[in-house]
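One letter stands for each residue in the lines below.
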Amino acid sequence: NSSELSPSFLLASLPGLEAAHAWVAVPLCSAYLLALLANGAVLLAVRAEPSLHAPMYFFLCMLAAIDLALATATVPRTLCFYWLGSREISFAACLLQMFLIHTLSAVESTVLLAMAVDRYVAICHPLRHAAILTSGATARVGLLALARGVLFFLPLPLLLLPLPFCGSRLLSHSFCLHQDVMNLACANTTPSVVYGLTAILLVMGLDAVLICLSYLLILRAVLRLAAWRERLKVFSTCIAHICVVLAFYVPLIGLSVVHRFGKDLAPLVHIVMGNIYILVPAVLNPIIYGVRTKQIHRRILSLI
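Cut-offs applied
- Residues numbered from 1 in each chain as written.
- Predicted model: local features only at pLDDT ≥ 70, side-chain atom pairs only at ≥ 80, totals over all residues.
- Heavy atoms only, no water.
- Helix = DSSP H or I, 4+ residues; strand = E, 2+ residues; numbered from the N terminus.
- Expected span 1.5 Å × (residues − 1).
- Buried < 20%, exposed > 50% of the residue type's maximum accessible area, 1.4 Å probe, protein only.
- Contact = heavy atoms within 4.5 Å.
- Bend = angle between axes of the 7 residues up to and from the residue.
- UniProt positions renumbered as here; feature names shortened; annotations may be inferred.
- Core = buried A, V, L, I, M, F, W, Y, C linked by side-chain atoms within 4.5 Å.
- Disulfide = S-S within 2.5 Å.

Enquirer: So what's going on with helix H2 (residues 21–48)? Which residues, and what values?
Expert: Here H2 contains 28 residues, and its C-alpha end-to-end distance of 40 Å stays within 8% of the 40 Å for a straight helix at 1.5 Å per residue. Within H2, the full set of buried residues consists of His21, Ala25, Leu28, Cys29, Tyr32, Ala35, Ala38, Asn39, Val42, Ala45 and Val46. Buried positions along H2 lie against helix H3 (55–84), helix H12 (267–292) and helix H13 (294–303).

Enquirer: Summarise H3; cite the residues concerned and give the values.
Expert: Between its terminal C-alpha atoms H3 stretches 43 Å, which fits the 44 Å expected from 30 residues at 1.5 Å a residue. At threonine 72, H3 is deflected by roughly 30°, the largest bend along its length, and proline proline 76 occurs up to four residues later in sequence. Count one or two residues on from H3 and you reach glycine 85, which has phi positive near 75°.

Enquirer: Break down the UniProt feature "transmembrane region" (unreviewed entry) in the protein chain for me, citing the residues and quoting the values.
Expert: Taking the numbering used here, the UniProt-annotated feature "transmembrane region" (unreviewed entry) corresponds to residues 20–45, 57–84, 90–117, 129–154, 193–218, 239–262 and 268–291. For residues 57–84, helix accounts for 100% and strand for 0%, while the C-alpha atoms at its two ends are 39 Å apart. Along residues 129–154 one finds 88% helix and 0% strand; the C-alpha atoms at either end are 34 Å apart.

Enquirer: With reference to specific residues and values, describe the nonpolar core.
Expert: Core analysis: the biggest nonpolar cluster contains 81 residues, and Phe9, Val111 and Leu112 have the highest contact counts within it. Among the elements that line this core, the one with the most residues is helix H4 (residues 91–124), at 15 residues. With near-sequence residues (within four places) excluded, leucine 112 lies in contact with Leu63, Ile211, His241, Val244, Val245, Phe248 and Tyr249.

Enquirer: An account of the state of the cysteines is requested, with residue identities and associated values reported.
Expert: Applying the stated criterion across every chain yields a total of two disulfides. Bridging cysteine 94 to cysteine 176, the disulfide has an S-S length of 2.0 Å. Disulfide cysteine 94-cysteine 176: the torsion about the S-S bond is -120°, which places it as left-handed. Of this pair, cysteine 94 sits in helix H4 while cysteine 176 is found in the loop between helix H7 (155–160) and helix H8 (178–182), placing the two residues 82 residues apart along the sequence.

Right, here's the structure in full:
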């Protein structure tokens, strides 16, 4: 009865590699440290360089801060399990971690949409870009993205809070996700299923559609240019953002597919996909923009 009222969960271990957890955690820790250093360097570079005080780079700082928060909400707890053997996570900590993961993912999706709109205005309406996307407008977009994520995904842990958990307590990942925790409840989870799917479609799904629409309009405007060299030059300003969008949505779609159709897959696949979803955007985003943006690249080198 006490376990039903205050349940706890067990983080997923690597099947067959339990004795090597300490070594397996080394690349995970290395990726986390790389994400901390790379995103921190981007934040410092934008802060220190006045020429980078523009909406596009402010959005990039938001991405870096979100990736840092998302990785910090999950990876240290996983490392505690792999290195210290602390496998059990309390119900309250699990719900908090779940809320942070889904909310921060929603905020990142909204910021990516805002960056796509920024590229659209810069290319299709260059004379109005400075008037539309001011520093104040950029700050309001950031606050709106945060409020949107909280409002849409706060009900997820609240819907799970009254449910009884009287069966298996073993999670599929080394952190807590809504779908994973929900499947362990021994009660009717239809409201959680319906609301979770609706929230994802209205946030990530809608953002993905609007991002695609923005790039279709950008592509139409680029194709109207006479010279191929001009077309390539204009469209090359979008390459970094397209790569960042793919780095976010491809692991998200892959993780969703694994949850929906991967019940017969090996547990290792679930664990690896979960870590890819958390760490790949955090590691790749600053590298992509650091390589593609000369001002950031030069400023980071000068800081070093």
